[in-house]
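A structural walkthrough
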Amino acid sequence: MSQKITNIGQLRDKVTFTRLETTDDGMGGVTTEDKTICTEWAFVTVPSTRDGVVGGADAEYRSHVVRVRQNATTLGIDINDKATWRNWTLTVKGVRPDGHEWIDFDCVVVDK
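Residues numbered from 1 in each chain as written. Predicted model: local features only at pLDDT ≥ 70, side-chain atom pairs only at ≥ 80, totals over all residues. Heavy atoms only, no water.

Some words on the overall build of the protein
Let me state the cut-off plainly: Helix and strand assignments follow DSSP, with helices taken as H or I runs no shorter than four residues and strands as E runs no shorter than two, numbered in order from the N terminus. The classification of residues rests on relative accessible area computed with a 1.4 Å probe and restricted to protein chains. Under 20% of the type maximum is buried, over 50% is exposed, and intermediate values are partly exposed. For this analysis, residues touch if any pair of their heavy atoms sits within 4.5 Å. A 1.4 Å probe and the Shrake-Rupley method give the accessible areas. Residues count as covered only by the protein chains that appear here.
Helix and strand counts for the protein come out as 0 helices and 6 strands. Relative to its 112 residues, the protein shows a buried fraction of 32%. Restricting the contact set of the protein to residue pairs at least 6 apart, pairs at least 24 apart contribute 55%. For the protein, the exposed area adds up to about 6,800 Å²; of that, 48% sits on carbon and sulfur atoms.

Right, here's the structure in full:
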């Protein structure tokens, strides 16, 4: 991230993390629904190319980076979980704990 945040007051965006849960419908099929994992205050940014390529050799795979406080709940967020920010739905493609205080989620836009 080009703008490293060091103060919790900079977490100004509300982000809701969800996970797709499947349950047996009792008739041989399954039903799926989004289950809310948590809602956190976050710092959301669009990375520039100078932030370094996290993906492949010449391709940047992330469209947004979501930074939240690191705790037991946010450490449980996995790749392919969804993050809803404003009217955007983002898919988590990378999880990068930053020491003991912050955790960064590399995300791509699913839909607006």
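Having seen the model, we can carry on.
Here's the deal with the environment of Asp24
To be explicit about the condition: In protein, a polar contact means a hydrogen-donor-capable atom and an acceptor-capable atom, both N or O and within 3.5 Å, with residues adjacent in sequence counting only if both atoms are side-chain atoms; elsewhere, any N or O pair within 3.5 Å suffices.
By secondary structure assignment, the location of Asp24 is in strand 1 (residues 13-24). Look past the residues within four positions of Asp24 in its chain and what remains in contact with it is Gly29 and Val30. In terms of polar contacts, Asp24 uses its side chain to reach the backbone amide nitrogen of Gly26, at 3.3 Å.

A word on the nonpolar core
Here is the rule we go by: Put simply, a nonpolar core is a bunch of buried Ala, Val, Leu, Ile, Met, Phe, Trp, Tyr and Cys residues held in one set by side-chain atoms that sit within 4.5 Å of each other.
In terms of nonpolar packing, the biggest core is built from 15 residues, with Val15, Phe17, Val66, Val68 and Phe105 touching the most fellow members. Ignoring sequence-local partners within four residues, the contact set of Val66 consists of Val15, Phe17, Ala42, Phe43, Val44, Leu90, Ile103, Asp104, Phe105 and Cys107.

Re the packing of aromatic side chains
Between two aromatic rings, the relevant description is the distance of the centres plus the angle of the planes. Cut-off, in case you're wondering: In this scheme Phe, Tyr and Trp rings, the latter by its six-membered ring, pair at centre separations within 6.5 Å, and the angle between planes marks the pair as stacked below 30 degrees, edge-to-face above 60, and tilted otherwise. Lysine NZ or arginine CZ positioned within 6 Å of the ring centre and within 35 degrees of the ring normal marks a charge as sitting over the ring.
Counted under the stated rule, the structure contains 1 aromatic pair. Between Phe17 and Phe105, the aromatic rings sit 5.2 Å apart at their centres with planes inclined by 55 degrees, giving tilted as the arrangement. A residue pair is termed long-range when its members are at least 10 positions apart, and Phe17 in strand 1 and Phe105 in strand 6 (residues 102-111) qualify at 88 residues. Looking at Phe105, the relative accessible area reads 0%, which means it is buried. Positioned over the ring face of Trp102 is Arg69, at 5.6 Å from the centre of the ring.

Considerations on the pattern of salt bridges
Heads up, the rule is: By salt bridge we mean one thing: a side-chain nitrogen of Lys or Arg within 4 Å of a carboxyl oxygen of Asp or Glu.
Tallied over the entire structure, the rule returns 6 salt bridges. With a shortest N-O distance of 2.8 Å, Arg19 and Asp81 are connected by a salt bridge. In this pair, Arg19 is assigned in strand 1 and Asp81 in the loop between strand 3 (64-69) and strand 4 (82-85), connecting sequence segments 62 residues apart. Under the relative-accessibility criterion, Asp81 is labelled buried at 4%.

Examining the pairing of strand 4
We count it as follows: We call two strands paired when DSSP finds no fewer than two bridges between them.
Residues Ala83 and Trp85 of strand 4 are buried on one face, while the alternating residues Lys82 and Thr84, pointing to the opposite face, are not. The pairing of strand 1 with strand 4 spans 4 bridges and is classified as antiparallel. When the bridges of strand 4 are listed, Thr16 appears paired with Thr84. Taken together, the 4 bridges between strand 4 and strand 5 (residues 88-98) define a ladder with antiparallel strand orientation. Residue Ala83 lies in a different strand from strand 5, and its bridge partner there is Leu90.

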